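Survey of secondary and tertiary structure
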Amino acid sequence: MNSVAFFGFLKRNKEQDNLPGCDRRADRGILVFENTSEVIQAENLLKQHGWEIRVMGPPPEIRQGCDLVIEFPLIEELQILRTLTTEKLPPLRAVPVTSPLLQPVDIFHIKDYGRYLMVRAANMKLTVDRETSVIVNISGGGCPDVPYLAAAMVGKTLADAPSPREIGHTLCGYALQLAYEEVQRRCSV
Amino acid sequence: MLCVAGTIPEDNFPLVEGEVKLSGDQLRIGISTIAVNRGTAALLAAAVTAAAVLRQPAPFAYLVGDTGTGKGSERLYRNMTNVLTRASFQTITLHYIQPIIQWHKSLHAVIGTLIPRPRLIADAGSMYAAKMSGEASLYDLFTPDVGELAFLADEEAPHPFYTRGFILHEENRVPDLIARAYKHRNAARYLLVKGEKDYLANESGIIEMVNTPVEEALEAIGGTGDTLTGLVSVLIDAGMNMQEAAVAAMRTNRLAGRYAQPTPATQIGEIIRFIPQAIQEVLGERCKVNTDGDTSTACQKQE
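Residues numbered from 1 in each chain as written. Chains lettered and ligands numbered in written order. Predicted model: local features only at pLDDT ≥ 70, side-chain atom pairs only at ≥ 80, totals over all residues.

1. Looking at the overall build of chain A
Per the secondary structure count, chain A includes 6 helices and 8 strands. In chain A, the order of α-helices and β-strands from amino to carboxyl end is α-β-α-β-β-α-β-β-β-β-β-α-α-α. Within chain A, the fraction of its 189 residues that count as buried is 44%. For chain A, contacts bridging at least 24 residues in sequence account for 57% of all contacts bridging at least 6. (Helix = DSSP H or I, 4+ residues; strand = E, 2+ residues; numbered from the N terminus. Buried ≥ 20, exposed ≤ 12 C-beta atoms within 10 Å, placed from the backbone. Contact = placed C-beta atoms within 7 Å.)

This is the structure we're talking about:
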């Protein structure tokens with residue numbers, strides 16, 4: 001990180017801390033990397049792609065030393081992780097700023113309709129026709145990529161449909177990816 | 001008049017505003033056409049259909065294309081903060097909009113200046129934004145499903161994706177989740193919880209429950225929650241009080257689903273076309289509906 005960027009980071013950090021309200025960062029997440037060099041590379045990459053991010057010190061819950069983390073728009077986690085992974089800069093972790101110890105949902109609710117199987121992960125539900133492996137419905141969710149993902153996936157087989165990880169952008173897309181993987185796992189048995 | 005704000009899942013769909021009409025399987029707003037599918041299009045299709053039956057004005061919508069990048073949503077927020085002061089809506093329903101706290105707060109700063117204050121309803125991303133920004137109590141109604149209710153109940157979770165497991169395990173305990181959502185001030189004045197059983201609740205607890213007819217396949221069908229939000233929005237805007245509107249909407253949505261004889265593969269458009277028949281059955285006795293040749297007036301206002 002050059003000195004201008006570093007002092008800019010310190011200044012922005014102070015400005016953020018002076019903002020009123022305790023909820024101002026609830027829509028932000030933190031990317032944790034292996035080392036500071038990766039943080040700087042990721043910062044440059046994400047800024048080049050137009051994301052509003054900032055480098056900051058980690059919250060106490062996940063502090064490991066004199067490390068830095070990147071704060072990012074939490075809702076766009078799926079798209080940001082895809083960008084970083086494509087550029088071989090995957091973070092160690094991505095967590096919410098306000099509650100860094102929270103984990104992504106890992107509980108699946110299954111509904112067996114006989115010929116059809118519905119899997120729900122968090123707020124996203126994916127239903128597949130067991131006989132044909134065709135995705136017949138996607139429901140739930142609230143981010144704008146949910147109707148987009150449904151249009152792209154419904155009517156296609158599990159093998160032919162694009163995965164939410166490939167074309168989704170948001171945490172709802174991420175939840176749908178988990179449901180999609182669980183359906184794949186159950187339908188391949 | 002009812003105002004609906006939301007997104008259409010196409011990057012190139014322009015920012016548009018105007019009254020919405022339904023023409024066959026297509027929504028029309030200005031010169032733009034929209035396929036009726038899940039999301040805000042399904043909400044609007046149900047709302048337009050219900051409004052026509054009840055002889056209410058067609059809903060007015062602010063729409064923009066957004067496939068999840070949030071860019072369209074930002075344009076929508078910006079536009080609404082500029083134009084809402086010049087509009088006059090009795091009811092505003094915010095729907096599939098990217099949850100962005102800064103913009104959500106800006107929008108509410110504008111809505112707070114409106115006199116009289118419109119009734120506020122939020123579903124989907126707008127409900128998430130309301131909770132994330134600590135402004136849930138500014139709303140009159142949220143319409144979560146049970147998974148989203150668990151998110152509202154979890155005071156730590158910034159998005160349903162991060163709802164904690166011990167709360168998700170309690171999803172069969174809807175009353176407890178409702179109480180927890182109110183305890184942490186993450187609920188609107190009323191909650192309409194949609195699921196195997198539909199509930200209307202407020203801070204005192206559950207005040208109405210509708211569980212018939214039962215069509216288990218509806219849970220799998222994308223858009224059934226959107227149509228319920230559209231129905232309750234129209235009924236509230238028509239002058240019904242919250243309790244009557246919610247019960248009528250829950251019954252209408254379930255009945256339309258029943259008439260469609262659904263399977264988990266049924267698409268939402270197949271259900272929307274039964275909404276007129278369902279409304280007539282639910283409201284027929286207390287509300288003159290716009291059936292063929294009937295020129296009587298719409299619902300009498302209850303508030």
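Now, onward.
2. Some details on the overall build of chain B
The helix and strand inventory of chain B stands at 11 helices and 11 strands. Taken against the 2.2 N^0.38 rule, which gives 19 Å for 303 residues, the C-alpha radius of gyration of chain B at 18 Å falls within 12% of a compact globule. Dimensions along the principal axes, computed over C-alpha positions, put chain B at roughly 55 × 40 × 40 Å. Among the 303 residues that make up chain B, the fraction classed as buried is 59%. By sequence separation, contacts in chain B at least 24 residues apart represent 69% of the contacts at least 6 residues apart. (Rg over C-alpha atoms; globule rule 2.2 N^0.38 Å.)

3. Things to note about the sheet that holds strand E8 (residues 135–140) of chain A
Residues and elements named next belong to chain A. With antiparallel pairing, the 4 strands of this open sheet are ordered in space as E5-E6-E7-E8. Strands with a single pairing partner mark the edges of an open sheet, and in this sheet they are strand E5 (108–112) and E8. In this sheet, neighbouring strand axes are inclined to one another by 15° on average, regardless of whether the strands run parallel or antiparallel. By the bridge criterion, 6 bridges tie strand E6 (residues 116–121) to strand E7 (residues 124–129) in an arrangement that is antiparallel. Paired with methionine 118 across the bridge in E7 is threonine 127. (Pairing = 2+ DSSP bridges. Axes fitted to C-alpha atoms, helices over the stretch in contact; angles between N-to-C directions.)

4. What to know about the interface of chain A and chain B
Across the boundary between the two partners, chain A contributes 46 residues, which contact 46 residues of chain B. Looking at the side of chain A that touches chain B, the elements with two or more residues in it are E6, E7, E8, helix H4 (145–153) and helix H6 (171–187) of chain A. It is H4(A) that provides the largest number of residues to the side of chain A that touches chain B, a total of 6 residues. Its residues placed into classes, the side of chain A that touches chain B shows 24 nonpolar, 12 polar and 10 charged. (Nonpolar A, V, L, I, M, F, W, Y, C, P; charged D, E, K, R; others polar.)

5. Here we look at the sheet that holds strand E2 (residues 54–56) of chain A
All names here are of chain A. Read across the open sheet, the 4 strands follow the order E2-E3-E1-E4; overall the sheet is antiparallel. Strands at the two margins of the open sheet, each flanked by one partner only, are E2 and strand E4 (93–96). Going from strand to strand, the sheet's axes swing by 35° on average, the running direction of each strand aside. Sheet topology note: the E2/strand E3 (residues 69–73) ladder contains 3 bridges and is antiparallel. What sits directly across from methionine 56, in E3, is valine 69. Where helix H2 (residues 36–48) meets the sheet, its contacts fall on strand E1 (28–32), E2 and E3, and the angle it forms with E3 comes to roughly 25°.

6. Thoughts on helix H1 (residues 40–53) of chain B
With 14 residues, H1(B) extends 20 Å between its outermost C-alpha atoms, agreeing within 8% with the 20 Å of an ideal straight helix rising 1.5 Å per residue. Among the 14 residues in H1(B), 13 count as buried, and that is most of the element. (Expected span 1.5 Å × (residues − 1).)

7. Structural notes on the environment of His169(A)
Along the chain, the position of His169(A) falls in the loop between helix H5 (164–167) and H6. A sequence separation of 78 residues divides His169(A) from Pro91(A), and the C-alpha atoms of the two residues are 17 Å apart.

8. Description of the domain arrangement of chain A
All names here are of chain A. The assigned domain composition of chain A is domain 1 (3–96) and domain 2 (108–187). Tallying the contact residues gives 7 residues for domain 1 and 8 residues for domain 2. Here the residues of the side of domain 1 that touches domain 2 sort into 3 nonpolar, 1 polar and 3 charged. (Domains from an automatic or database assignment.)

9. Quick word on the pairing of strand E5 (residues 60–65) of chain B
Residues and elements named next belong to chain B. Burial within E5 is extensive, with 5 of its 6 residues counted as buried. In terms of strand pairing, strand E1 (residues 2–8) meets E5 through 6 bridges, oriented parallel. Its bridge partner being in E5, threonine 7 is matched across the sheet by valine 64. Bridge analysis of strand E2 (residues 16–23) against E5 gives 4 bridges, and the strand direction is antiparallel. Following the sheet pairing, valine 16 is matched in E5 by leucine 63.

10. A closer look at the confidence of the model for chain B
Summarising the model, chain B shows a mean pLDDT of 92, and 93% of its residues fall at 70 or more. Low pLDDT, under 50, characterises residues 289–298 of chain B; the stretch is placed with 21 contacts to residues that sit more than four places away or in other chains. (pLDDT = per-residue confidence, 0-100.)

11. Focus: the pairing of E1(B)
Residue and element names in this part refer to chain B. Here E1 lies mainly inside the structure; 7 of its 7 residues are buried. With 4 bridges connecting them, E1 and strand E6 (residues 91–94) associate as parallel partners. Bridging across to E6, cysteine 3 finds its partner in isoleucine 92.

12. Details of the packing of helix H8 (residues 224–237) of chain B against helix H9 (residues 242–259) of chain B
Residue and element names in this part refer to chain B. Close contact between H8 and H9 brings their axes to 8 Å; oriented N to C, the two are set at 140°. When the axes of H8 and H9 are compared, the pair comes out oblique. Pair H8 / H9 crosses with right-handed handedness. Within the contact between the two elements, H8 uses Thr224, Thr227, Leu228, Leu231, Val232, Leu235 and Ile236 and H9 uses Met242, Ala245, Ala246, Ala248, Ala249, Met250, Thr252, Asn253 and Gly257. Looking at the contact of H8 with H9, its residues break down into 11 nonpolar, 5 polar and no charged. (Parallel < 35°, antiparallel > 145°, perpendicular 65-115°, else oblique. Left-handed = near helix turned anticlockwise from the far one by under 90°.)

13. Considerations on the environment of Arg189(B)
Residues and elements named next belong to chain B. Here arginine 189 shows up in the loop between helix H7 (174–183) and strand E9 (190–193). Distance from arginine 189 to tyrosine 139, taken between C-alpha atoms, is 6.3 Å for residues 50 residues apart in sequence. Discounting residues that sit within four places of it in the chain, arginine 189 has contacts with Tyr139, Asp140, Leu141 and Asn202.

14. A word on unusual backbone geometry
The omega angle of the peptide bond from Ile115(B) to Pro116(B) is -5°, so this bond is cis rather than trans. Between Thr212(B) and the following residue, Pro213(B), the backbone shows a cis peptide bond with an omega angle of -10°. Within the fold, Pro213(B) resides in the loop between strand E11 (205–210) and H8. One non-glycine residue, Lys88(A), lies in the positive phi region at around 60°. Residue position: Lys88(A) is located in the loop between helix H3 (77–86) and E4. Among the residues examined, Lys88(A) registers 8 C-beta atoms within 10 Å and is labelled exposed.

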